[in-house]
Amino acid sequence: MARDLPNQLNSFEKITRLIGLVLLAPILALATIPVAVHISQKSDFGFAVHKRTIQSVVPQGPADMAGLMPGDFIVRINDHVIPNMVHYYVQTAGNYDQTPTVFLIERNNRQHTLTAVPRPPGQLVMTSAYSLWVSGLGFLVIGWWVFYRRKDLVARNFFALCLMFAFLLLDIPDLPRLDYMTVKENLRTLLQLLLPAYFLRFFLQFPSPKLRPGGSLNRWRVLLFPGWIIFVSSVLLESFSSIINSEQLSQALDVLALIYSLGFFIAGLYIFSRRIMRRDRPIQRTKMFVILAGLLAGLVPFLAAMIIGNLNPGSSLPQWQYLSFSLLLVPISFGLSIMRYGALDKPFVLRISLIYGVLTLLVLGVYFVVVMGVGQLLARLFSVSTYPVLLLVVAATSLTILPLRRIIQTWIDNTFYPGRRTNRQAIRDLGQSLTSVIDPELVKQNLLQGLMDLFHPEKLTLFFSKDNQTDQYTAFQEHLSHISVNEAGLNIKKDSSLALLLNRLRRPVFAEEVEDILFSGEADTESLSLLTRAKINLLVPLISANRLLGFLAFGPKKGGSLYSQEDLSHLNDFSLQAGSLLESRLLYKDSLQRKRTETELELARNIQHGLLPSEPLEDECFVIAGRQESCRKVGGDYFDYFLRKDGTLGFALADVCGKGIPAALHMTSLRVAFRQEADAEDLPHLVIKRLNNTVFKLVAPEQFICFFYGIWNPVSGVLSYCNAGSEQPILSNPDRRYNQYLSKGGPVLGVMEDFDYLQGSLLLEPKDRLFLYTDGLTDEQNPEDEFFDLTRLQDHLHKNREDTPTELLGKIFSAINAFGGPDRTDDKTAISLEIKKLK
């Protein structure tokens, strides 16, 4: 089972990628400047040489005028022995002033000394050289752009191929230095030998690189070994040529290199032909056809130009020289197939061909007018060279090529493809119509219906999260019958392989391309089965705020046609708008829900506060006040004080386990049960016992309630109380230096049924102050994680001992809130009782 490799590049691949993008390609690009100058100034002898043997001679050229003939073997140049082609290039390099050159040649076993006077390159030679220069530059730029945009092995091998072609086509100028020329020629030989291996590697990996389980990237590198072995052998053979007779070995090595090159090229073409015939992979097939068209349209004219040039090097017809420009179609077709995701449909390819065809004709037209017309006129009137004019045209063309492409593209779209404008407008109208809809569900329904009408899928599914808290995308479907369906079992988790892949790609992607990544042991079964169960052909992610909100899954297109590049372009633009629109409607719905919830919570808070005493209770014998602050709208703390029928004062304080609405619900039930028991019983410990049994039946096993209940008799001054796990109330008096703590009672409510609680009693005298509180006061923490503990609480009670109960509670709560800051973590409740006198 195959697995995709775009993110499996190790450190070596990352470093070499960086070197290629920021070092090798820029250096080669800078070298194109002297190449352009070199083309117009280099010396032209009018012959072609291979392995020191003259292959062809241009009629009436410098070599022909000097008497040089095809078959002549070059022995010396200007008294320098020429043992190999490197020395030949050293002796003929840099002769820009066209000084006479003396050749000692061997012909029919006899040596002859001939002097050739080189000439500046003619118009035909420069045209041919500049066409190759432009093609090489095109290979370099397109290869760099593809490798910059993509990080996978397909882009890496394409970049390597483009670098090789660029180096071979640009013809970096020679220098009269042996070390420089040795490196240059060895590099040229190495690249020529590695070219077949990279050609085969490309077609093995295109359009998606894959490895088998347990496979390794090293198997791709093995393909390079034959080229390296032949290269090292040729270098060693050249180094020891003075010791051994290397003629036959060199010929054998040449035959081996030819067999290796042909074998690898044929293997690559065989793989290419097999993939182009696969009808079960329509996306891959369309890309292969584009590459095939680019190879034929690019190589056939170029090879024809080479054949014509070799058969008739002195031809006066310039047209054949321009056929070399066709080489640009090769990297363009490859780059288009690599960078364009999805099917390369015929209308798209035709449109692109029209755009670049018109652009090429326009550039050639400008060249003919300026160079052939204006340049020749300047030459006749002012006796100036046409070479600067030629360089100026090349530079101007490189600067204006992109603006010209946009202008031509707009003109072609408006003239030949008016439907594109209509489709774009239809997409805009759909987006505009959706903006007027507020309800998220209606937006989804209108979205699906609109896309069905525009793109005609047999089925369209929207996978979208109902809210930001859910962990999956819910499926909403639309069929050709326009009946909305929410098919069970099509939902998919947000952390599934498919969702993570779409979040990474963030572009429309065909199911065929997704399969190259998902069908592996690393993908979850949910993602794998969804593609087939939902009959998905195209996936369009919906992105907003840099996150995946959901995605659209298009089924097969009605009539069996593929989704075109125009469809992908429209869907890619529309998905950004649709994602933001759906999120805004979802946020609006959440906002309404929050406001509704806040309103309900506010009502609940008011109801809860209505259950608590709102004012202090005071008479001639006592003053009692309470205060509560919840960390949320509603809380689980409870306090109460009231005059009983017999004239005694009853007061209670409770802390329900938990916070928020659940705790508040328990508190409400607790208040009702407590009041019923308090009215029916005079003894606090019996009230607590009955209340405990009620709570035990109401709450879950892990929940509990802390409760304190006391009854004070203003005649006798006796306080009877029961403390069920609550914080111990603090009894103080300004005339005493110590405090008392009320602890007698039993465990918290709700943990032990029928527990017999104890009752405590003590005498409260005038000036006595009793302070009851929940743990929210002493558990408050400051940014340094210090607690507002019991010691701090007692200090504040002592400092404010002369204040009324209401004033005391206000100062203590203010101190605690200032201590802890704005973030409240727990409910806070307290009661302060002051005894004035006894009756």
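Residues numbered from 1 in each chain as written. Predicted model: local features only at pLDDT ≥ 70, side-chain atom pairs only at ≥ 80, totals over all residues. Heavy atoms only, no water.

**Some remarks on the overall build of the protein chain**
Tallying secondary structure elements over the protein chain gives 24 helices and 27 strands in all. With 839 residues in all, the protein chain has 47% of them scored as buried. Of the contacts made within the protein chain by residues no fewer than 6 positions apart, 69% connect residues no fewer than 24 positions apart. Of the roughly 41,200 Å² of accessible surface on the protein chain, 59% is carried by carbon and sulfur atoms. (Helix = DSSP H or I, 4+ residues; strand = E, 2+ residues; numbered from the N terminus. Buried < 20%, exposed > 50% of the residue type's maximum accessible area, 1.4 Å probe, protein only. Contact = heavy atoms within 4.5 Å. Areas by Shrake-Rupley, 256 points an atom, 1.4 Å probe, with all protein chains shown as cover.)

**Re the pairing of strand β20 (residues 705-712)**
Of all the eight residues making up β20, eight are buried; the element is thus mostly covered by neighbouring parts of the structure. Here β20 shows no split at all, with Ile-705, Phe-707, Tyr-709 and Ile-711 on one side and Cys-706, Phe-708, Gly-710 and Trp-712 on the other all buried. Of the pairings in the sheet, the one linking strand β19 (residues 649-656) to β20 comprises eight bridges and is antiparallel in character. Bridge pairing links Asp-655 to Cys-706 in β20. In this sheet, strand β21 (residues 718-724) lies alongside β20 in antiparallel orientation, the contact comprising five bridges. Pairing of Ile-711 across the sheet is with Ser-720, part of β21. Hairpin connection between β20 and β21: a loop of five residues separates the two successive antiparallel strands, and Gly-717 in this loop has a positive phi of roughly 80°. (Pairing = 2+ DSSP bridges.)

**Observations concerning the pattern of salt bridges**
For the structure on display, the rule yields 22 salt bridges. Asp-640 serves as the salt-bridge partner of Arg-675, at 2.8 Å between the closest nitrogen and oxygen. Placement of the pair is Arg-675 in helix α20 (residues 660-680) and Asp-640 in strand β18 (residues 637-643), with a sequence separation of 35 residues. Judged by its relative accessible area of 1%, Asp-640 falls in the buried class. (Salt bridge = Lys/Arg side-chain N within 4 Å of Asp/Glu carboxyl O.)

**Digging into the packing of aromatic side chains**
Both the distance between ring centres and the angle between the ring planes are used here to describe each pair of aromatic rings. By the definition in use, this model includes 30 aromatic pairs. Aromatic pair Phe-651 and Phe-708: ring centres 6.4 Å apart, planes at 25°, arrangement stacked. Highlighted residues: Phe-651 in strand β19 and Phe-708 in strand β20, separated in sequence by 57 residues. The exposure class of Phe-651 is buried, given its relative accessible area of 0%. With relative accessibility at 0%, the residue Phe-708 sits in the buried group. One aromatic cluster in this structure is built from Phe-158, Phe-199, Phe-202, Phe-203, Phe-265 and Phe-272. It is Arg-17 that lies over the ring of Phe-147; its NZ or CZ is 5.2 Å from the centre. Here Arg-675 stacks its cationic end above the ring of Phe-642, 4.4 Å away from the centre of that ring. (Phe/Tyr/Trp six-rings, centres within 6.5 Å; stacked < 30°, edge-to-face > 60°. Lys NZ or Arg CZ within 6 Å of the ring centre and 35° of its normal.)

**Some points on the sheet that holds strand β17 (residues 622-629)**
Strand pairing in a sheet is mediated by backbone hydrogen bonds. Such pairs are either parallel or antiparallel. Across the sheet, which stays open at both edges, the six strands sit in the order β16-β17-β27-β26-β22-β23 with antiparallel pairing between neighbours. The strands lining the two open edges of the sheet, one partner per strand, are β16 (617-618) and β23 (740-741). Inspection of the sheet shows strand β22 (residues 730-732) paired to strand β26 (residues 769-773) by three bridges, in the antiparallel sense. When the sheet's bridge partners are listed, Leu-731 is paired in β26 with Leu-770. Of the strands in this sheet, β17, β26 and β27 (828-835) touch helix α24 (residues 805-820), which is tilted by about 150° from β27. (Axes fitted to C-alpha atoms, helices over the stretch in contact; angles between N-to-C directions.)

**What about the nonpolar core?**
The nonpolar side chains of soluble globular proteins are, as a tendency, buried together. Judged by nonpolar contacts, the single largest core of 60 residues is most densely connected at Leu-28, Phe-202, Phe-203, Ile-291 and Phe-334. For this core, the secondary structure elements donating two or more residues are α1 (11-41), α4 (123-149), α5 (153-170), α6 (178-205), α8 (225-239), α9 (247-276), α10 (282-311) and α11 (329-339). If near-sequence neighbours (up to four positions away) are discounted, Leu-28 is found in contact with Leu-140, Leu-163, Ala-166, Phe-167, Leu-170 and Ile-172. Membership of the second largest hydrophobic core comes to 45 residues, among which are Tyr-641, Ala-654, Ile-688 and Leu-719. (Core = buried A, V, L, I, M, F, W, Y, C linked by side-chain atoms within 4.5 Å.)

**Things to note about α1**
Under the 1.5 Å per step criterion, the end-to-end length of α1 is 44 Å for 31 residues, consistent within 8% with the ideal 45 Å. Remark: the principal bend of α1, roughly 40°, maps to Gly-20. (Expected span 1.5 Å × (residues − 1). Bend = angle between axes of the 7 residues up to and from the residue.)

**Digging into the environment of Ser-337**
Locating Ser-337 in the fold gives a position in helix α11. On the accessibility criterion, Ser-337 (0% relative accessible area) is buried. Considered as a pair, Ser-337 and Lys-287 are 50 residues apart in the sequence and their alpha carbons are 5.2 Å apart.

**Quick word on the confidence of the model for the protein chain**
Per-residue confidence for the protein chain gives a mean pLDDT of 79, with 76% of residues at or over 70. Contacts of residues 314-320 to residues separated by more than four positions or lying in other chains number nine contacts, the stretch itself having pLDDT below 50. Under a pLDDT of 50 for its full length, residues 480-488 has, in the predicted model, 18 contacts with residues more than four places off or in other chains. (pLDDT = per-residue confidence, 0-100.)

**Focus on a nonpolar patch on the surface**
On the surface, Ile-15, Leu-18, Ile-19, Val-22, Leu-23, Leu-24 and Ile-27 cluster together into a nonpolar patch covering about 640 Å² of accessible area. You can see Ile-19 is positioned in helix α1. (Patch = residues over 30% accessible without salt bridge, like charges linked within 9 Å, V, L, I, M, F, W, Y side chains within 5 Å.)

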